[in-house]
Amino acid sequence: MKLAVIGTGYVGLVSGTCFAEMGNTVICVDNNPDKLEKLNKRIVPIYEPGLEILFQRNIDKKRLSFTSDLRRAVEESEIIFLCLPTPQGEDGSADLKYVFGVAEEIGKILQSLPNNEFKIIVNKSTVPVGTSTAVRQIIEKYNIENFEVVSNPEFLREGFAVDDFMKPDRIVVGARNPKAFEKMRILYEPFVRQGNPIFEMDPESAEVTKYASNSYLAMRITFMNELANFCEKAGANVEMVRKAMGSDSRIGKRFLFPGIGYGGSCFPKDVNALIKTSEEFGSPMKILKVVDEVNKNQKQLLVKKVKEHFNGNIEGKKFAVWGLSFKPNTDDMREAPSIVIINQLLDSNAKVVAYDPAAMENARFYLGDKPEYAQDQYSALPDADALLILTEWNEFRNPDFDKIKSLLKNKLIFDGRNIFDPAKMKELGFTYYSIGRKPVN
Ligand code: NAD
């Protein structure tokens, strides 16, 4: 099939590359000249494990190309995917200016095309219920009839995006036209050969499914964060509670890890967007307001612990930070707890030396040169008063503790991700704070 992907970010680049891998011809469009320059020089502009090899192979095979020319992409493609940003607007709702702006452009292009071939415009961005209809109305303004707007929300996880896209748990397709369903089925069949389902539904249900999934996961994490805070006060160990409760098949083991709050480009904005849309429809989801509030507080937790340890004054203290990205295996810094935590430390006149395996360049965009950036995890440590662990990258899990002890000024660790065993830390002579477990020293 001939496909266009508009917006070549985490979702667009992965989707476009994986569609090409299945033999489709994909033209990716972006309006960011720096990104396009990199893509056309065959540089993958994001950190995403497994993407590079597919990206290079499909460019070689001439199935994957990049352009700023939306007109050519629309003209040459039968299916046009919108993988555009839907950031949080000032009032919490999803800002749809990118989606609606591109829909207008597509309408104008379709109006000016000499032939009238059937086109499917697929919205892969996370958008509030009703957006498919709104996009349809925008395109109809240009007297176009031979098209369908499909809602096909994306569920990939950054860090596992290629695997998730190639072997999705499920595909959701929201449409009204049998021809569109059939085309989408043909496109996705190679990805669900193991038998995972393609759910076909109306566009409204598809749009709600995406928000429901992300909000539910955010709620699950938030439940564990509140539970962890309670366990700590009550003298329980949240990790033991987590494992025992997770082995109940009704609950399941995944997404029960307490920490320093969820971040990323999706959960915070999607929770807020669902709060807003549910209010607009007169059916407010009160539970999500609490989720958002508790999550914001959780991002303050680690610095509270740090300040309590130092009797309220951390002026002039130096903190080593391991991990900046909002989760491991990505360079994405959007809404990362590290931004809140590092800014709080700096605002209290402490110094910060930070290291992350992939997100240092993006971190500079969010944090500037206020923190120092270290070349590797150990060079962040010399003379630091404590080490803070903010992202659970695998390379932090089994470090050289003797080296840590020799480099840090104090044998003091604040672990926001519970990657170490408190008993072992005690044995090694560290003072160790974590989440939902008693501190040891
Ligand atoms: P992103 O910011 O990484 O990428 C968006 C891209 O669109 C950018 O490259 C930007 O330059 C480009 N763009 C903006 N306006 C454009 C225009 N007018 N023409 C062409 N290109 C344009 O965003 P993302 O993380 O890929 O997310 C895209 C959508 O998918 C969002 O709605 C998001 O909520 C959703 N989503 C994201 C993830 C994720 O893990 N990142 C997962 C599932 C769904």
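Residues numbered from 1 in each chain as written. Predicted model: local features only at pLDDT ≥ 70, side-chain atom pairs only at ≥ 80, totals over all residues.

Participant: Please explain the overall build of the protein as it appears in this structure.
Facilitator: When helices and strands are tallied, the protein shows 17 helices and 14 strands. At 24 Å, the protein has a C-alpha radius of gyration in line with the 22 Å of a compact globule built from 441 residues. On the principal axes, the C-alpha backbone points of the protein span a range of 75 × 50 × 40 Å. Expressed as a percentage of contacts within the protein between residues at least 6 apart in sequence, the contacts between residues at least 24 apart total 72%. (Helix = DSSP H or I, 4+ residues; strand = E, 2+ residues; numbered from the N terminus. Rg over C-alpha atoms; globule rule 2.2 N^0.38 Å. Contact = placed C-beta atoms within 7 Å.)

Participant: Just checking my understanding: could you explain the domain arrangement of the protein for this structure?
Facilitator: One frequent convention defines the size of an interface as the accessible area lost when the parts assemble. By domain assignment, the protein separates into domain 1 (2-201), domain 2 (211-297) and domain 3 (299-433). The distance between the C-alpha centroids of domain 1 and domain 3 comes to 38 Å. Looking at the side of domain 1 that touches domain 3 residue by residue, the classes come out as four nonpolar, one polar and one charged. (Domains from an automatic or database assignment. Nonpolar A, V, L, I, M, F, W, Y, C, P; charged D, E, K, R; others polar.)

Participant: Got a minute to help me understand the sheet that holds strand S11 (residues 372-373) in this structure?
Facilitator: Sheets are built from strands that pair by backbone hydrogen bonding, the pairs being arranged parallel or antiparallel. Strand order in the open sheet formed by six strands is S11-S10-S9-S12-S13-S14, and the pairing between neighbours is parallel. Edge positions in the sheet fall to S11 and strand S14 (431-433), since each of these pairs with one other strand and no more. Both strand S13 (residues 412-415) and S14 contribute to a ladder of three bridges, which runs parallel. Each bridged residue has a counterpart across the sheet, and for Phe414 the counterpart in S14 is Tyr433. Of the strands in this sheet, strand S9 (318-322) and strand S10 (351-355) are in contact with helix H14 (residues 337-347), which crosses S10 at around 155°. (Pairing = 2+ DSSP bridges. Axes fitted to C-alpha atoms, helices over the stretch in contact; angles between N-to-C directions.)

Participant: Help me understand the UniProt feature "active site" (unreviewed entry) in the protein, please; the structure alone is not making it clear to me.
Facilitator: The positions UniProt marks with the feature "active site" (unreviewed entry) are Cys266. Counting through the fold element by element, Cys266 comes out in the loop between helix H10 (238-246) and helix H11 (267-280). Judged by the 25 C-beta atoms lying within 10 Å of it, Cys266 is buried. Those residues within four positions of Cys266 in sequence are excluded, and the remaining contacts are Thr126 and Asn214. (UniProt positions renumbered as here; feature names shortened; annotations may be inferred. Buried ≥ 20, exposed ≤ 12 C-beta atoms within 10 Å, placed from the backbone.)

Participant: Sorry, what's going on with the site of the ligand here?
Facilitator: Lining the immediate surroundings of the ligand are 26 residues, of which Gly7, Gly9, Val11, Ser125 and Thr126 lie closest. Contributing elements (two or more residues each) for the shell around the ligand: helix H1 (10-21) and helix H5 (97-112). Its residues assigned to classes, the shell around the ligand shows eleven nonpolar, eleven polar and four charged. (Near = placed C-beta within 6 Å.)

Participant: It is not clear to me how the nonpolar core should be interpreted in this structure. Could you clarify?
Facilitator: Most often, soluble globular proteins have nonpolar side chains that are buried together. By size, the foremost hydrophobic cluster in this structure holds 77 residues, and its most contacted members are Ala4, Ile6, Phe81 and Ile121. Per-element accounting of this core gives the leading share, nine residues, to helix H9 (residues 203-234). Counting contributing residues, this core receives three or more from each of domain 1 (2-201) and domain 2 (211-297). For Phe81, the residues in contact, after removing those within four places along its chain, are Leu3, Ala4, Val5, Ile6, Ser15, Val122 and Lys124. Counting residues in hydrophobic clusters, the runner-up holds 47 residues, among them Ala350, Leu412, Tyr432 and Tyr433. (Core = buried A, V, L, I, M, F, W, Y, C linked by C-beta atoms within 7 Å.)

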